[in-house]
Structures are given as structure tokens and as C-alpha cells.
Amino acid sequence: MKLETRSFQTVATNSPALLNTAIASIPDDVVRHESSSGPEAATTLDVGKARRMDQAGKLSAAVIGAALADGDCADGGGDAPTPLDRANLAAISGTAFGNVDGSMRFMRRVLEKGANLASPADFPSLVPSSPVSHAAIYWGLGGPALATPDLSATAESALATGLELVASGVSTAAVAGS
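What you see is a predicted model; the values in this text were computed from it and never measured.

Chemist: An account of the sheet that holds strand β6 (residues 145-149) is requested, with residue identities and associated values reported.
Modeler: In space, the 3 strands of this open sheet follow the order β6-β5-β7, with parallel pairing throughout. Strand pairing shows two members of the sheet lacking a second neighbour, β6 and β7 (173-177), which therefore form its edges. Each adjacent strand pair in this sheet contributes to an overall mean axis angle of 20 degrees, direction not counted. By the bridge criterion, 5 bridges tie strand β5 (residues 89-95) to β7 in an arrangement that is parallel.

Pasting the structure below:
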């Protein structure tokens, strides 16, 4: 098995307020109304396709789009990029807790107003694998899409899971990160 890794610059912080501010500001910069081509095309999302995603889903889709663009390689003799086969490509996202803020808002509404007034449309976004699953659907990935919760080792856990999926033959390639 040939292992090739690509690195993406990430920002880590222990401040929940700073992290929430960063996540809240990114999707507005990622989703574009116009179609684009070139290097920025993979990091912009189609507004129509991304309309049902929450902010974390849009961020995941943008990052996975950039990884897919980076993973495209030149075919044997030409300069034209050959897209990765997405039919069996896995997407793994590391997460420490999932959507804590969304879960708190959802449960606060349930406790204050009753379960009958809780929004069923909000519930699917509370599952820890929701952002990576939305991104996998957006990009048409046919392999497993899952989250690996592992507190302080989320990136390592996601990468190890991706390697295991590829080594075992479950997927031909994997996009993994935290």
C-alpha cells in the first residue's frame, strides 16, 4: 500500500469563544453565488446545494473540497488533472464533543417549551458525524463518512481510522482531519 499524505494548515485554540467566532465567520466567506474555476473553485460552495447545511457542514464541505482538489493528480503523461475516484472514498472527521452549542440550544428549547416545540429540522445537525456526512453528500463520496470522537487526539484518531479503512480495503482513499 502506498501512503501519500497532504498537509493543510489548521488553527487550534483552547478558547471556545474564539473558535465559535472563527467557525461563524468562515461559511460566509466560503459560500459564493457565482460559479468559479481555478484554484479557488474547490473552496467555494454552490449556494443551492449548501442551503440546508449548518455552518459546520459548510466548513467541512469546503475543507474536503480543497482536499479533493489537492488529491487530484496528473495522469500518466499529460498535464490534465485526473479526479480521484469518489465512488469508494471515505471521509473521516475528528471531533471532541460534536455540536455542543447546538445541543445546548436544542435541549434548552425542549426543557423550556416542551418536546412538541423542538425543531425536528435541527436535530440531525446535532449528531457528531453530521458535518462530514453533509460534506460527503455534497461532494458525492461513496465511501464511509464518519466522525471519530477522541477528545485531545481527534486528528490522530481520524487519520488512523482513514488508514485502517484504506488498508483493509473498505475504501480506496480517505480524506481525514479534525
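Now that the structure has been shown, we can carry on.
Chemist: Could you give me a rundown of the side chain of Ser60, with the residues and numbers involved?
Modeler: On the secondary structure map, Ser60 appears in helix α3 (residues 55-71). In this structure Ser60 touches Pro131, Val132 and Ala135, once residues within four positions along its chain are discounted.

Chemist: Can you tell me about α3, naming the residues and giving the values?
Modeler: Its 17 residues give α3 an end-to-end C-alpha distance of 24 Å, which sits within 8% of 24 Å, the value for a rise of 1.5 Å per residue. For α3, the full list of buried residues reads Gly57, Ser60, Ala61, Ala62, Ile64, Gly65, Ala66, Ala67, Leu68 and Gly71.

Chemist: Before we move on, can you summarise the nonpolar core with the specific residues and values?
Modeler: Ala61, Ile64, Leu68, Tyr138, Trp139 and Leu141 are the most contacted members of the largest nonpolar core, which totals 16 residues. Secondary-structure elements contributing two or more residues to this core are α3, β5 and α5 (130-139). The leading source of residues in this core is α5, at 5 residues.

Chemist: Help me get a handle on the environment of Leu146, residues and values and all.
Modeler: By secondary structure assignment, the location of Leu146 is in strand β6. A residue is classified by how much of its surface remains accessible, and Leu146, at 26% relative accessible area, is partly exposed. Separated by 13 residues in sequence, Leu146 and Ser133 have C-alpha atoms that sit 6.9 Å apart. The contact partners of Leu146, leaving out residues within four places of it in the chain, are Ala91, Ile92, Ser93, Ser129, Val132 and Thr161.

Chemist: Explain the confidence of the model for the protein chain to me, using residue names and the numbers behind them.
Modeler: When the pLDDT values of the protein chain are averaged, the result is 75; 70% of them are 70 or greater. Between residues 1-42, whose pLDDT stays under 50, and residues either more than four places distant or in other chains, the model counts 35 contacts.

Chemist: Tell me about unusual backbone geometry, and name the residues and values.
Modeler: Even without being glycine, Leu151 reaches a positive phi, approximately 40 degrees. Counting through the fold element by element, Leu151 comes out in the loop between β6 and α6 (154-167).

Chemist: I'd like to hear about the packing of α3 against α5, residue by residue, with values.
Modeler: The contact between α3 and α5 brings their axes to 8 Å, and the two run at 50 degrees. One finds that α3 runs oblique with respect to α5. Helix-helix and strand crossings are classified by hand; for α3 and α5 the assignment is right-handed. Side by side, α3 and α5 meet where Ala56, Gly57, Ser60, Ala61, Ile64, Gly65 and Leu68 of the first sit next to Pro131, Val132, His134, Ala135, Tyr138 and Trp139 of the second.

Chemist: Let's hear about the packing of aromatic side chains: which residues, and what values?
Modeler: Taken as a whole, this structure holds 2 aromatic pairs when the rule is applied. Judged by centre distance (5.7 Å) and plane angle (50 degrees), the ring pair of Phe106 and Phe123 falls under tilted. Within this pair, whereas Phe106 is found in helix α4 (residues 100-113), its partner Phe123 is found in the loop between α4 and α5, the two being separated by 17 residues in sequence. For Phe123, a relative accessible area of 48% gives the class partly exposed. Relative to Trp139, the ring of Tyr138 lies with its centre 4.9 Å away and its plane at 75 degrees, an arrangement referred to as edge-to-face. In this pair, the class of Tyr138 matches that of Trp139, namely buried. Note that Lys49 overlies the ring of Tyr138, its terminal NZ or CZ placed 4.3 Å from the centroid.

Chemist: Describe α5, naming the residues involved and giving the relevant values.
Modeler: Along α5, 7 of the 10 residues are buried, which leaves the element largely enclosed by surrounding structure. Taken together, the buried positions of α5 are Ser130, Pro131, Val132, Ala135, Ala136, Tyr138 and Trp139. The inward-facing, buried residues of α5 contact β2 (45-46), α2 (47-50), α3, β5 and β6. One or two steps after α5, the chain reaches Gly140, where phi turns positive at roughly 70 degrees.

Conventions we followed
- Residues numbered from 1 in each chain as written.
- Predicted model: local features only at pLDDT ≥ 70, side-chain atom pairs only at ≥ 80, totals over all residues.
- Heavy atoms only, no water.
- Pairing = 2+ DSSP bridges.
- Helix = DSSP H or I, 4+ residues; strand = E, 2+ residues; numbered from the N terminus.
- Axes fitted to C-alpha atoms, helices over the stretch in contact; angles between N-to-C directions.
- Contact = heavy atoms within 4.5 Å.
- Expected span 1.5 Å × (residues − 1).
- Buried < 20%, exposed > 50% of the residue type's maximum accessible area, 1.4 Å probe, protein only.
- Core = buried A, V, L, I, M, F, W, Y, C linked by side-chain atoms within 4.5 Å.
- pLDDT = per-residue confidence, 0-100.
- Parallel < 35°, antiparallel > 145°, perpendicular 65-115°, else oblique.
- Left-handed = near helix turned anticlockwise from the far one by under 90°.
- Phe/Tyr/Trp six-rings, centres within 6.5 Å; stacked < 30°, edge-to-face > 60°.
- Lys NZ or Arg CZ within 6 Å of the ring centre and 35° of its normal.

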